[in-house]
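As a plain string of letters, each chain reads:
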Amino acid sequence: MFRIAHLTDPHVGPLPRPRLKQLLSKRLTGWYNWHRSREDMHDMELLAELVADIHAQKPDHITCTGDTCNIGLPDEWKTSRVFLEALGDPARVTFVPGNHDAYVRGSLEGLLKTVSPWTRGDDGTEAAFPFLRRYGPIAILGLSSAIPTLPFVATGRVGSRQTKAAEAMLAELGRDPSCFRVVLIHHPPHVGGAEPGRNLTDAPRFEAMIGRVGAELILHGHNHVGSLAHLDGPRGPVPVIGAPSASARGGTLTHKAGYHLFTIGRDETGFLLAAELRGLRPDGTVGGMGMLSLARIGQPVAKP
């Protein structure tokens, strides 16, 4: 058994005070939005409670799929490192970036340089995507969909080079039937996974790649809601699971802070995957909120 905690979109605050010249860009609209609504939405005390709950569950590995930053300020890179240090040692925590981490040109590079130990592949290369980490039969593949965009746009892109490299890695890993392949990406990687202007622009290419080589589990963030979809793979449907924002205090149940705790097992017929949603409950405490309904990995999804 191997247990993985997945959290995303912590939007770590408070937002540092920017210099005037740092606001002469897309950051101006982000700074305004933070003070208009996001500052109240993302609760750092709640985030700390969530992280404490993760540690209490004692997962074997913790994954974070981006948006530790808000508007990509240099001081936010330092805060992101402090947050990742609180999650755990880089050997037990894997990070991939999101669109807020690449808010303006140069932001992504600055962040990745600061948090590079959490994006280091087994080959020792830091902040190079895709990267691969192996934990026995578990293989974690980190992708970056983070790109700088125009104001009011939050799209992502994997790109042809990264997709080809990921396909080669997944194909090689897939030759071992005992390997469970987990793909990490910030944006929902399937067509229709996010609305236009917030979507992965090359989702069709990603879908086609998974259709050729497969994976056992794909984890993402970005939408700030829990979600479950499937992509067709050569061995059967591949679960694509999105988690809520890890710091969201308000909104509906699906918009409130949470994370997923996955238990990966195996029997004589193949892999077994269980997923529990944990987070902010209606009574204001942090704890278990129920199980996700998943098909046996590599087996057909039951039709309603």
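For the structure, check the block above.
Rules and cut-offs
Residues numbered from 1 in each chain as written. Predicted model: local features only at pLDDT ≥ 70, side-chain atom pairs only at ≥ 80, totals over all residues. Heavy atoms only, no water. Core = buried A, V, L, I, M, F, W, Y, C linked by side-chain atoms within 4.5 Å. Buried < 20%, exposed > 50% of the residue type's maximum accessible area, 1.4 Å probe, protein only. Helix = DSSP H or I, 4+ residues; strand = E, 2+ residues; numbered from the N terminus. Contact = heavy atoms within 4.5 Å. Pairing = 2+ DSSP bridges. Axes fitted to C-alpha atoms, helices over the stretch in contact; angles between N-to-C directions. Phe/Tyr/Trp six-rings, centres within 6.5 Å; stacked < 30°, edge-to-face > 60°. Lys NZ or Arg CZ within 6 Å of the ring centre and 35° of its normal.

Draft legend 1. Quick look at the nonpolar core. Core analysis: the biggest nonpolar cluster contains 26 residues, and Leu7, Ile62, Phe83, Leu84, Leu87, Phe95 and Tyr259 have the highest contact counts within it. Only strand S1 (2-7), helix H2 (44-57), strand S2 (61-64), helix H3 (74-87), strand S3 (93-95) and strand S10 (258-267) provide two or more residues apiece to this core. With five residues, H2 is the largest single contributor of residues to this core. In this structure, phenylalanine 83 is in contact with Leu7, Pro10, Val12, Leu47, Val51, Cys64 and Thr68, ignoring residues within four places of it in sequence.

Draft legend 2. Structural view of the sheet that holds strand S7 (residues 217-220). With respect to topology, six strands assemble into an open sheet ordered S4-S5-S6-S7-S9-S8, the strand pairing being mixed. Strands with a single pairing partner mark the edges of an open sheet, and in this sheet they are strand S4 (131-135) and strand S8 (227-233). Averaged over neighbouring strand pairs, the angle between their axes works out to 20° when direction is ignored. Two strands pair when backbone bridges link them, and S4 and strand S5 (residues 138-142) are joined in this way by five bridges, in the antiparallel orientation.

Draft legend 3. Just the packing of aromatic side chains, in detail. Going through the model one piece at a time under the given rule, you end up with three aromatic pairs. When the centroid spacing of 6.2 Å and the interplanar angle of 35° are considered together, the rings of phenylalanine 2 and tyrosine 135 count as tilted. Taken as a pair, phenylalanine 2 in strand S1 and tyrosine 135 in strand S4 lie far apart in primary sequence, 133 residues in all. Relative accessible area serves as the criterion here: at 14%, phenylalanine 2 is assigned to the buried category. On the accessibility criterion, tyrosine 135 (21% relative accessible area) is partly exposed. Judged by centre distance (5.6 Å) and plane angle (55°), the ring pair of phenylalanine 129 and phenylalanine 131 falls under tilted. For lysine 26, the ring lying beneath its charged end belongs to tyrosine 103, and the centroid distance is 4.6 Å. Its end group placed over the ring of phenylalanine 271, arginine 266 keeps NZ or CZ at 4.5 Å from the ring centre.

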